[in-house]
Number of protein chains: 2
Amino acid sequence: MYSRAITPSGQRKGNLLIGQSGGATAVINASLVGAVIEAERQQQINDIYGALHGIEGVLKRQIVDLRRESAEIWDDLLLTPSAALGSCRYKLQPDDLPRALETLRSLDVRYFLYIGGNDSADTAHHLALAAQEASYDLSVICIPKTIDNDLPLTDHCPGYGSAARFIALATMDSAMNTMSIPHHFPVKIIEVMGRDAGWLAAASALGKERPEDAPHLIYFPERRFNRERFLNEICEVYDAVGYVVVVVAETIRDEQGQPLGASGAQGADAFAHPLLSGTAQQLVELVNTKLGLRARFDKPGDLQRMASFAVSITDRDEAYFAGQMAVRYAVRGASDKMVTLVRRPGKEYSCATSQADLSAIANSQRLLPDAFINEAGTGVTPAFYDYALPLIGEPLPRHVRLKKVRV
Amino acid sequence: MYSRAITPSGQRKGNLLIGQSGGATAVINASLVGAVIEAERQQQINDIYGALHGIEGVLKRQIVDLRRESAEIWDDLLLTPSAALGSCRYKLQPDDLPRALETLRSLDVRYFLYIGGNDSADTAHHLALAAQEASYDLSVICIPKTIDNDLPLTDHCPGYGSAARFIALATMDSAMNTMSIPHHFPVKIIEVMGRDAGWLAAASALGKERPEDAPHLIYFPERRFNRERFLNEICEVYDAVGYVVVVVAETIRDEQGQPLGASGAQGADAFAHPLLSGTAQQLVELVNTKLGLRARFDKPGDLQRMASFAVSITDRDEAYFAGQMAVRYAVRGASDKMVTLVRRPGKEYSCATSQADLSAIANSQRLLPDAFINEAGTGVTPAFYDYALPLIGEPLPRHVRLKKVRV
């Protein structure tokens, strides 16, 4: 762990720089707003800067003065999805570090806040190490952000609650369509995000109350996919319910470890994660050709990370809170840390914050634990509801059904 | 036009039967609730029945007693998307008509309400004619319903306003993601519904305020698609804005009249409308291979017709109103008619209802008029905003941007 070498914390004034990184979310701006508002209150902080497109903006010295924004913008920005400063998916190269430090030094940046996920933690960690080596006094704090909810050492990640709420609502609503006219397209596949972790796929079950409710089958990245078993499972549900609503993560792998959507592969991103498309399309074709059942798919795509009209208020509040606490930790002298959310014990849900070492977050993934996946591997357990329901904010709507008393 | 032969209107008591047909919407139940609540008030109406899965329920005598539902259900059903009675896409065969009449006669149904689109109007029209031929006194009234907004003789269709609101919000929000990290996937394709008409595609522009806002290009079924022109248009926007958000209707046709998604064809439905998939996927591949730009697509699918969390209150109110007025028209003796919405002149938006002959609605489609498509054929005109903005209910949220004053 990096401790500040030269200056005792909380005494010297300096400037703060904040950046946003990775896939944006519907509440990532709430963390920005929380940090800015808190920074304005802190006497140790002089100027408040923003880096355009995260670390890329630091390298290119594309830095903006956030004190020159109008005072009213922050309330509106709280409700605006996506990364207002612009985001990036840039993997820091060793050669980049001196240049990044040069920008920080030239602007007297002493507090660097980075809102992002595991890759962003990696970037921030290396920056913290480089500053330490250069004896440049810098507090580096990450603010967790990812709809994937796959960061270790935090109860959950800001951004997940809103995406989870969207997916729960989308599954409930879209399934209502299939239910109303089951013989038209008896099989529906809903493809959701989640690079390697099934947290979002699991969230599709949050509106499910009875076994016959959708989703009937969930396919998680944590479980290997078998085509025969899949087709059998579809038939079983079809026979029992009359239609089948399937939720599938975009990157499920077969028993040979091959991603199902590989035929739609579009290369890899800067972190060498393969970019896939077409998992739902492949399942649709499998059901059509092997079972002769008409199937189609919904793919909400970026909407699931962005939908401002399905935000979890709890998630937005926590995103703000994490931003606020990052500033407090920074001015107290912490560095090379990520803010974590710690669920308080007790019946009523609430969270405090704590800190975790960036080295323990960087490039690490927390998958959906076995305790949250049911025995069949195609659904969630009651423990998952206990975990996730508080995160999605106000209760989901209850869709009613008629009794349908026959004449 | 069929006029009642035997009994003067408004005098004899009889039973009412209501059914839902075609693709469900987020507010189709509001029409059901409006009709039921109004029917309960009408002394000429004895029992209130529902047909399960529309005309199929009539043929199979799957009829339920709606007076036996709990009184509280109707308030909740108003907020529940999809067709609570079940829907159908069944084309009435000539042999079916005597059987349908037999069900109606055996239940003393004298008022038949059918909530649906053009195909449903066709069904209802034939039923009205058959009743007339059989000298069976029956009022047949259709309640318009379609997200496609393609029924003639009505200002607009209940169901459209909510789907339009969803698509406007989805385009605004999803585009925010592309804007935050344009170089990651600079081209985004959003595929929306609309069998032959571009009303839903057009709705994607309702949140657009400036030329550089998304959507940058809309491809309508009303315009023939040319691959070369498309690629040029993508390049132009990419050069000017740095990223491109495209909205495409699911069934656009090339200059030979071939649907773009034809390779994903899945047969035809009962009305011989081809079922297509894959338009967005094809555009993505075109952009990837011909331009070397990374593209991906969102396909909200059934969510755009079902999203209970993006309902237009105006739309829901009008769906209720149309159901209510259908009952009033029926008990006043009208038949073989569809309820229409008539926009009142004046600055403040409001609608009255009127009636149109089912024969003029059946199997007829109102396409997006030229006056609503801009000269380039890839956007909408100010007249479209005047038409559509009042239909989507409360104002869309305003997503703010930082001024970004450089340091």
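Predicted model, so just to flag it, every value in this text is computed and none were measured. (Residues numbered from 1 in each chain as written. Chains lettered and ligands numbered in written order. Predicted model: local features only at pLDDT ≥ 70, side-chain atom pairs only at ≥ 80, totals over all residues. Heavy atoms only, no water.)

### Quick look at the layout of surface pockets
Volume-wise, the largest pocket comes out at about 880 Å³. Taken together, 41 residues line the largest pocket, and the ones lying closest to its centre are F309, A310 and E394 of chain A together with F309 and A310 of chain B. Those elements that provide at least two residues to the lining of the largest pocket are α6 (160–180) and α11 (313–331) of chain A together with α6 (160–180) and α11 (313–331) of chain B. Looking at the lining of the largest pocket, its residues break down into 23 nonpolar, eight polar and 10 charged. (1 Å grid on protein atoms, 1.4 Å probe; cavity = no way out; pocket = protein on both sides within 12 Å on 5 of 7 lines; lining within 4 Å. Points joined across faces, edges and corners; volume = space filled by probe spheres on them. Helix = DSSP H or I, 4+ residues; strand = E, 2+ residues; numbered from the N terminus. Nonpolar A, V, L, I, M, F, W, Y, C, P; charged D, E, K, R; others polar.)

### Some remarks on the relation of the copies chain B and chain A
At an RMSD of 0.0 Å, chain B and chain A line up after a rotation of 180° and a shift of 0.0 Å along the axis. Look at the turn and shift together and you get a two-fold axis relating the two. Of the residues that chain B buries at the interface, 100% are likewise interface residues in chain A, meaning the two copies contact each other through the same surface. (Least-squares fit on C-alpha atoms with pLDDT ≥ 70 in both. Contact = heavy atoms within 4.5 Å.)

### Some words on the interface of chain B and chain A
Each partner contributes residues to the interface: chain B has 81 residues there, and chain A has 81 residues. The interface formed by chain B and chain A holds four salt bridges in total. The shortest N-O distance in the salt bridge between R296 of chain B and D302 of chain A comes to 3.2 Å. There are 35 residue pairs in polar contact (both at pLDDT 80 or more) connecting chain B and chain A. Put simply, the parts of the chain that give the side of chain B that touches chain A at least two residues each are β3 (63–65), α3 (73–77), α6, α9 (279–291), β9 (295–298) and α10 (303–306) of chain B. With nine residues, α6 of chain B is the largest single contributor of residues to the side of chain B that touches chain A. The residue inventory of the side of chain B that touches chain A, partitioned by class, reads 41 nonpolar, 19 polar and 21 charged. (Salt bridge = Lys/Arg side-chain N within 4 Å of Asp/Glu carboxyl O. Polar contact = N/O pair within 3.5 Å; in protein donor to acceptor, adjacent residues only side chain to side chain.)

### Looking at the sheet that holds strand β6 (residues 187–192) of chain B
Residue and element names in this part refer to chain B. Taking strand neighbours across the sheet as the criterion, the four strands line up as β7-β8-β6-β9 in an open arrangement whose pairing is parallel. Strands with a single pairing partner mark the edges of an open sheet, and in this sheet they are β7 (217–219) and β9. Taken over all neighbouring pairs, the strand axes of this sheet differ in orientation by 20° on average, direction set aside. Direction of pairing for β6 relative to β9: parallel, over a ladder of four bridges. (Pairing = 2+ DSSP bridges. Axes fitted to C-alpha atoms, helices over the stretch in contact; angles between N-to-C directions.)

### Let's talk about the confidence of the model for chain A
Residue and element names in this part refer to chain A. In this model, chain A carries a mean pLDDT of 93, and residues with pLDDT of at least 70 account for 93%. Contacts for the low-pLDDT stretch residues 1–7, under 50 throughout, to residues beyond four places or in other chains number 19 contacts. Taken as a whole, residues 263–267 scores under 50 in pLDDT and shows 15 contacts with residues more than four places along the chain or in a different chain. Here the predicted complex carries an ipTM of 0.93, next to a pTM of 0.94. (pLDDT = per-residue confidence, 0-100.)

### Here's the deal with the pairing of strand β5 (residues 139–144) of chain B
Side chains on a regular strand alternate between the two faces of the sheet. Residue and element names in this part refer to chain B. With six of six residues buried, β5 is to be regarded as a mostly interior element. Bridge count between strand β4 (residues 109–116) and β5: six bridges; the pairing is parallel. Counted as the bridge partner of G116 is P144 from β5. Note that the unit made of β4, helix α5 (residues 118–133) and β5 has a crossover that is right-handed. In the sheet, β5 pairs with strand β10 (residues 337–343) via two bridges, with the strands oriented parallel. Within β10, the position partnered with C142 by the bridge is M338. (Buried < 20%, exposed > 50% of the residue type's maximum accessible area, 1.4 Å probe, protein only. Right-handed = clockwise from strand over helix to strand, strands pointing away.)

### Description of the pattern of salt bridges
For side chains of opposite charge, pairing can occur when their charged atoms come near one another. Tallied over the entire structure, the rule returns 39 salt bridges over all chains. Across the pair K91 of chain A and D122 of chain A runs a salt bridge, and its minimum N-O distance is 3.4 Å. Here the residue K91 of chain A occupies a position in the loop between α3 (73–77) and α4 (96–106), and D122 of chain A occupies one in helix α5 (residues 118–133), the gap between them amounting to 31 residues. For K91 of chain A, a relative accessible area of 31% corresponds to the partly exposed category. On the accessibility criterion, D122 of chain A (8% relative accessible area) is buried. The shortest N-O distance in the salt bridge between D357 of chain B and K337 of chain B comes to 2.5 Å.

### Focus on the sheet that holds strand β6 (residues 187–192) of chain A
Residue and element names in this part refer to chain A. An order of β7-β8-β6-β9 is seen for the four strands of this open sheet, with the pairing classed as parallel. Pairing within the sheet leaves two strands with one partner each, and these edge strands are β7 (217–219) and β9 (295–298). This sheet shows a mean twist of 20° between the axes of neighbouring strands, independent of strand direction. Where helix α8 (residues 227–241) meets the sheet, it contacts β6, β7 and β8 (244–249), and its direction lies at approximately 160° from that of β7.

### With respect to the nonpolar core
Judged by nonpolar contacts, the single largest core of 131 residues is most densely connected at F384 of chain A together with F230 and F384 of chain B. When neighbours within four sequence positions are excluded, F384 of chain A is seen to be in contact with Y160, W199, A202, A203, L206, L368, F372 and L389 of chain A. Core analysis: the second largest hydrophobic core is formed by 39 residues, I28, V33, Y111 and A330 of chain A among them. (Core = buried A, V, L, I, M, F, W, Y, C linked by side-chain atoms within 4.5 Å.)

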